[in-house]
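Listed here are the chains, written in short residue letters.
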Protein chains: 4
Amino acid sequence: MVVIMKKKASEEDIEAVITNLNAFGFDVHRSSGINQTVLGAIGVRPGFDHRIIRGLSGVADVQRVTEPYKLASRVGREAPSIIDVDGLHIGGHAITVMAGLRSTESEERIKEAAKQISTSGASLFRGSILKPRTSFYEYQGLESDGFKVMRQAADECGLKLVMEVSSMGQVEPISEYASMLLVQAHNMQNFELLRVLGESNKPILLERGLAATVQEWLMAAEYIMRSGNTGVILCERGIRTFESATRYTVDLSAVAVAKVKSHLPVFVDPCQGTGMRDYVTSLACAAVAAGADGIAVDVHHDPPRASSNGLQAFNFNQFVDLIVQVRKVANAVGRSLHQ
Amino acid sequence: MVVIMKKKASEEDIEAVITNLNAFGFDVHRSSGINQTVLGAIGVRPGFDHRIIRGLSGVADVQRVTEPYKLASRVGREAPSIIDVDGLHIGGHAITVMAGLRSTESEERIKEAAKQISTSGASLFRGSILKPRTSFYEYQGLESDGFKVMRQAADECGLKLVMEVSSMGQVEPISEYASMLLVQAHNMQNFELLRVLGESNKPILLERGLAATVQEWLMAAEYIMRSGNTGVILCERGIRTFESATRYTVDLSAVAVAKVKSHLPVFVDPCQGTGMRDYVTSLACAAVAAGADGIAVDVHHDPPRASSNGLQAFNFNQFVDLIVQVRKVANAVGRSLHQ
Amino acid sequence: MVVIMKKKASEEDIEAVITNLNAFGFDVHRSSGINQTVLGAIGVRPGFDHRIIRGLSGVADVQRVTEPYKLASRVGREAPSIIDVDGLHIGGHAITVMAGLRSTESEERIKEAAKQISTSGASLFRGSILKPRTSFYEYQGLESDGFKVMRQAADECGLKLVMEVSSMGQVEPISEYASMLLVQAHNMQNFELLRVLGESNKPILLERGLAATVQEWLMAAEYIMRSGNTGVILCERGIRTFESATRYTVDLSAVAVAKVKSHLPVFVDPCQGTGMRDYVTSLACAAVAAGADGIAVDVHHDPPRASSNGLQAFNFNQFVDLIVQVRKVANAVGRSLHQ
Amino acid sequence: MVVIMKKKASEEDIEAVITNLNAFGFDVHRSSGINQTVLGAIGVRPGFDHRIIRGLSGVADVQRVTEPYKLASRVGREAPSIIDVDGLHIGGHAITVMAGLRSTESEERIKEAAKQISTSGASLFRGSILKPRTSFYEYQGLESDGFKVMRQAADECGLKLVMEVSSMGQVEPISEYASMLLVQAHNMQNFELLRVLGESNKPILLERGLAATVQEWLMAAEYIMRSGNTGVILCERGIRTFESATRYTVDLSAVAVAKVKSHLPVFVDPCQGTGMRDYVTSLACAAVAAGADGIAVDVHHDPPRASSNGLQAFNFNQFVDLIVQVRKVANAVGRSLHQ
């Protein structure tokens, strides 16, 4: 931490800052120039809120030298993490494809979807039972025995089931069925939920918030890991920008940054990110080329008739084509596809 | 709703769309030009998801004519809403000031703060008992008998207590003490929470999400109102943009827009929005000039020593000065300050 | 400037950085901790590109301590600048109103507009002769004897004429007629143009770019000032964000920030910023409450029939009402309106 | 164009709008429901400013059905454009690599760079003679006989020379040497410049503005094409968002969108977009996977010592590695690399 004193800071101000830093356990080095003094506070105190120093009299600015996360950081942990999802290894040489439905369908449709996507090359099956929406008036999936049906469909096809959790109370019941729990973007900073997930033994797929920086995303991962659950996979699904040609702006630089800054695996969800099927294959291939460890795709037996988000979903034939393209790019960057 | 057909749409496509719209209860008017057909679907179906039509064969685009919210809309309800918070009327002629602490303090400090701010002109006292933070390592307020202390302090000074709720389970216990419940920005789309709040009889202060459009903010209000609780007050507290000179960008246009589109009262929180005390008075005055019905300010007996967000808090003397300025602007726009 | 060395930086790396800094005239103070070394480079070298140091071996990060601008900075120059526009003093106690047309009108209409706005309380008349547009197909004003007409109209009503310049070649001819030159947002980083303006003796009204930070805006001002022209007035007119309810997002925090960081006067253009007449009066009042030294408003004798931007323009009666509101707020913040 | 009337619009209002639309040559179809009337205006008038209708009495909203650009649109022109740059074909099967220097170097260094990059697989050589910067105090390249040297270096290595133009006056002199002219992001809406480029016979590489939507980018291309020069190549180089881990946010969705909406070739510049060498190879591969027709890379014989933007430049060995990676991905998506 570097503390920059104001030009007008008095000697008392400077000494008070040094005393404070020492009290918090930092070793302080002082650099005084003609106009200004700079203090270097050496020491690692991950829990330290630098704003305490920022508010002291005579302080112009405080700048962090190290990232505010530690467990999620690649510093001191060079090898990428491999997360075990009921036997499926995510983050290694093989790239993972997750596919799933965005709305509740009949048991038959669920089984058909599981069969089709497992045949095509997906390893993860994303289910969606209860779907609160931005508008009360829009379609909402119904909670049901759907849990069992989804799990059964996944099991029969050798897929691992991934299910969304959106409140603390859902973690336990859904964990009975799901192999991995998905935290949606709007819950990325729902800290009560993150804390409960930190105590879970299920891997967590953590979507980046629409307005979250990569640093905040890694901090949310840290939050989960700090409570004991180190099985975190990141998922980029678009950030909010001024561009309106796509629903959100898929930020593939964030994949490159996250892979450099963190050892955690990174997924990309181009369906949610673009909101338009026409752009999904391009972005899925780009994500893999950028270094993603997995991609997430929406499928539907008849997208134009899907009750929710049909515009961004693929039918099964389109999904097969997507997988073919993605596999070629995976091979080009020296990786493979699961299965 | 206007349905724009593709140039290549077949007659069958067009007829299928019309049949669908009729089935949903819309009256359809067809306009066929040489190149393209446009269908006007007349009728109000607030619960209708227009994406169902968007996905049909031959459809180029679907555009909403009416806003997707209804209860929060000013259409058909010209008079601004006045929300009753335990006898305090918010949204009328008088502008409301809410002040509070961002971190847990001793009973003595809490009582001192309540006394000081009530003397200065605030009517609402915001308490903060449990404060989950973006980083596990940063300061977190501790849950405690604090509830009682805060309520008592508020009561003794004639203030109404406003408390944050960040999960469903907190709604009931906190409602025992608080006169109004605050939903923070990162929970604006926590629909489970919104649903429970919709069944509450407490007024709700709903912060705008960092990446939420005004429309989405009003949709979140609608979500609460739809469950029966019409006592919603909006709170602008900054959106995320590329500008880094302030913590967020306070969007005062959003106040003007929300006041035109909705009958709900609107607050502005310039402390959180700017993150810097130096800019707060300017923004508080600007908010009132823009039409805000209330402002929220952080106070602390000694901001540089606050354990959390001290940079944006006011000491009591500064708070008095702020109130003096805000009152002058309130009078200039034909309003007064509560008390 | 603070140079943070990597944890793995060798002693040679550190010494090479120190040698480099010394060569550029900096006094260097070294702070070595157990894990990491931090170098404080003391000295003011406004022309120094810190990226030269950033690229040296072993350097983790370089952080600026002082702002990169100097002439535009308030540091060492506490009093706000007052800019003389042909005898009109901008930036002092009185707030200035600029009003004008967005499109070419007949001589009669121009004279009518000048008369109406001067009677209502404006001091600056913005003319618009040549108007290149984002689309070739949209309306473009025609160059003409319009220059003379506008100047004559301004003179007859005691207004100062402000005209846009959008290329180097326009600076000289337009300077013959205009009292102040306006740089539009999309030219804020047109450095060839800025350089020519820096050699001009006309005051410059510098709009903030749609994607420009406050720092970059002040850097553009610095660019002009550095060439000798210190008569710069800043103009906030909205930044680009995800919000689409308004055309752009008027950033009134930027006014507060610019007033703290710089001694230059700041205007706000709520018409361009919101793009909607309904929101302009609220934002104009808010701008003045936030500390703006002037506001810019579009007028038209019949806005619905304006060939360009009619949606955001005021008719003359509406303009009178706006002025009345703005004057009240100006008085509330201890200022007056010109005239 | 669809005109949505207000609920309270009178019959006179509606008729006035219809009369107006007819006068502009539109065929109008009226759909009247119980609450609201919608008018469909059929006809293609690319030069029509829909705001004229938007401002008429009783009009609630006007929505465009067709894109506002025509020559740049893929509608009616399915095949992608292939642009001839002095014999080099851009936009076809082969992907083009442009490499170049960001700052002025000695004749020897320029020739070395040309040789190295042509050997590695680049076909375009970007020169930079005069470099105005955001700060007057930062490094600026010096104009010189550099033109000749760059052209000679390019010719000797079989490269085509690409040079930046930043004002109208530069177009003619630079055209004597360059095979393609580059418009930087901050000039994307410098319409005077675009008009002159429209009259040029040189292909134009048009960078997307930092705050420009894809639609505005295509409109800028249209602006050039409308003046007669159809040789336009688009270049995505990052947009401004809240994310600060990278300099800008490279928007690869924009590549997918531009390829669907337009027939023009699209380049991506990952060096400028990320500002950090560490992320460039990932993004370059991702760009090609997303469908880009070319990529632009900064090189330098010794990046840490580059006077400008050294952080994002590649040395020649790194450049060779990049090309190897990019070629593999190009092959995976069924394309090749030039040479």
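Going by the structure above, here's the rest.
These remarks concern the structure in this document.

Procedures and definitions
- Residues numbered from 1 in each chain as written.
- Chains lettered and ligands numbered in written order.
- Predicted model: local features only at pLDDT ≥ 70, side-chain atom pairs only at ≥ 80, totals over all residues.
- Heavy atoms only, no water.
- Helix = DSSP H or I, 4+ residues; strand = E, 2+ residues; numbered from the N terminus.
- Buried < 20%, exposed > 50% of the residue type's maximum accessible area, 1.4 Å probe, protein only.
- Contact = heavy atoms within 4.5 Å.
- Areas by Shrake-Rupley, 256 points an atom, 1.4 Å probe, with all protein chains shown as cover.
- Axes fitted to C-alpha atoms, helices over the stretch in contact; angles between N-to-C directions.
- Parallel < 35°, antiparallel > 145°, perpendicular 65-115°, else oblique.
- Left-handed = near helix turned anticlockwise from the far one by under 90°.
- Nonpolar A, V, L, I, M, F, W, Y, C, P; charged D, E, K, R; others polar.
- Phe/Tyr/Trp six-rings, centres within 6.5 Å; stacked < 30°, edge-to-face > 60°.
- Pairing = 2+ DSSP bridges.
- Right-handed = clockwise from strand over helix to strand, strands pointing away.
- Salt bridge = Lys/Arg side-chain N within 4 Å of Asp/Glu carboxyl O.
- Polar contact = N/O pair within 3.5 Å; in protein donor to acceptor, adjacent residues only side chain to side chain.

### Some thoughts on the overall build of chain A
Point 1. Counting its regular elements, chain A contains 11 helices and 15 strands.
Point 2. Across the 339 residues that make up chain A, the buried fraction comes to 65%.
Point 3. Contacts in chain A between residues far apart in sequence, at least 24 positions, make up 68% of those at least 6 positions apart.
Point 4. For chain A, the exposed surface amounts to about 11,400 Å²; the carbon and sulfur share of it is 48%.

### Brief notes about the packing of helix α3 (residues 107-120) of chain C against helix α4 (residues 146-156) of chain C
Relative placement of two packed helices is described by the angle separating their axes and the distance separating the axes.
Residues and elements named next belong to chain C.
Point 1. Interaxial distance between α3 and α4 falls to 9 Å at its minimum, and their mutual angle equals 30 degrees. Considered as vectors, α3 and α4 are oriented roughly parallel to each other. Crossing handedness for the pair α3 and α4: right-handed. Between α3 and α4, the residues in contact are E107, I110, K111 and A114 and V149, M150, Q152, A153 and E156, respectively.
Point 2. Looking at the contact of α3 with α4, its residues break down into 5 nonpolar, 1 polar and 3 charged.

### Describing the packing of aromatic side chains
Point 1. One pass over the structure, following the stated rule, counts 8 aromatic pairs over all chains.
Point 2. Relative to Y177 of chain B, the ring of F147 of chain B lies with its centre 5.5 Å away and its plane at 15 degrees, an arrangement referred to as stacked. Taken together, the residues F147 of chain B in helix α4 (residues 146-156) and Y177 of chain B in the loop between α5 (168-175) and β10 (180-183) connect sequence positions 30 residues apart.
Point 3. F147 of chain B gets classed as buried once you look at its relative accessible area, which sits at 13%.
Point 4. Each ring, one from F191 of chain C and one from Y223 of chain C, has its centre 4.9 Å from the other, and the planes form 50 degrees; the classification is tilted. Taken together, the residues F191 of chain C in helix α6 (residues 191-198) and Y223 of chain C in helix α7 (residues 214-226) connect sequence positions 32 residues apart.
Point 5. Taking relative accessible area as the criterion, F191 of chain C reaches 3% and is therefore assigned buried.

### Focus on the pairing of strand β12 (residues 232-236) of chain C
Residues and elements named next belong to chain C.
Point 1. Counting buried positions along β12 gives 5 out of 5 residues, so the element sits mostly inside the fold.
Point 2. Burial along β12 is two-sided: the residues V232, L234 and E236 and I233 and C235 are all buried.
Point 3. Two elements, strand β11 (residues 204-207) and β12, share 4 bridges in a ladder whose sense is parallel. What sits directly across from E207, in β12, is C235.
Point 4. As a crossover connection, the stretch from β11 through α7 into β12 is right-handed.
Point 5. Bridge count for β12 against strand β13 (residues 266-268) is 3 bridges, and the pairing is parallel. From the neighbouring strand, C235 faces β13, where its bridge partner is F267.
Point 6. Handedness of the crossover is the feature at issue here: the chain leaves β12, passes through helix α8 (residues 252-261), returns alongside β13, and the resulting connection is right-handed.

### A closer look at the pattern of salt bridges
Point 1. Applying the stated rule across the entire model yields 56 salt bridges over all chains.
Point 2. Across the pair E156 of chain C and K111 of chain C runs a salt bridge, and its minimum N-O distance is 3.8 Å. Residue E156 of chain C is found in helix α4, and its partner K111 of chain C is found in helix α3; the two are separated by 45 residues along the sequence.
Point 3. On the basis of relative accessibility, which here comes to 53%, the residue E156 of chain C falls in the exposed class.
Point 4. Take K111 of chain C: its relative accessible area is 24%, and that puts it in the partly exposed class.
Point 5. Between E236 of chain D and R208 of chain D there is a salt bridge; the shortest N-O distance is 2.8 Å. Of this pair, E236 of chain D sits in strand β12 (residues 232-236) while R208 of chain D sits in the loop between β11 (204-207) and α7 (214-226), and the two are 28 residues apart along the sequence. Considered together, E236 of chain D and R208 of chain D belong to a single accessibility category, that of buried residues.

### As for the environment of Q116 of chain B
All names here are of chain B.
Point 1. For Q116, the position within the fold is in helix α3 (residues 107-120).
Point 2. A residue is classified by how much of its surface remains accessible, and Q116, at 31% relative accessible area, is partly exposed.
Point 3. Along the chain, Q116 and F316 lie 200 residues apart, while their C-alpha atoms are 6.6 Å from each other.

### Overview of helix α8 (residues 252-261) of chain A
Point 1. Most of α8 of chain A sits out of view: 8 of its 10 residues are buried.
Point 2. Sitting at the head of α8 of chain A, D251 of chain A places a side-chain oxygen 3.3 Å from the backbone nitrogen of S253 of chain A.

### Describing the side chain of R335 of chain A
Residue and element names in this part refer to chain A.
Point 1. By the element assignment, R335 lies in the loop between α11 (316-332) and β15 (336-337).
Point 2. A relative accessible area of 15% places R335 in the buried class.
Point 3. Separated by 2.7 Å, the side chain of R335 and the backbone oxygen of G92 make a polar contact.
Point 4. For R335, the contacting residues outside a window of four places in its chain are G91, G92, H93, A94, I95, G291, A292, D293 and A330.

### Focus: the packing of helix α3 (residues 107-120) of chain A against α11 of chain A
All names here are of chain A.
Point 1. Where α3 contacts α11, the two axes come as close as 9 Å, and the packing angle between them is 25 degrees. Judged by the inter-axis angle, α3 sits roughly parallel to α11. As α3 runs across α11, the sense of the crossing is right-handed. Taking contact as the criterion, the partners of E112, A113, Q116, I117 and S120 in α3 are, on α11, F316, F319, V320 and I323.

### Points about the environment of R327 of chain B
Point 1. Its location among the elements puts R327 of chain B in helix α11 (residues 316-332).
Point 2. Sequence-distant contacts of R327 of chain B, that is, excluding residues within four places in its chain, are made with L337 and Q339 of chain B.

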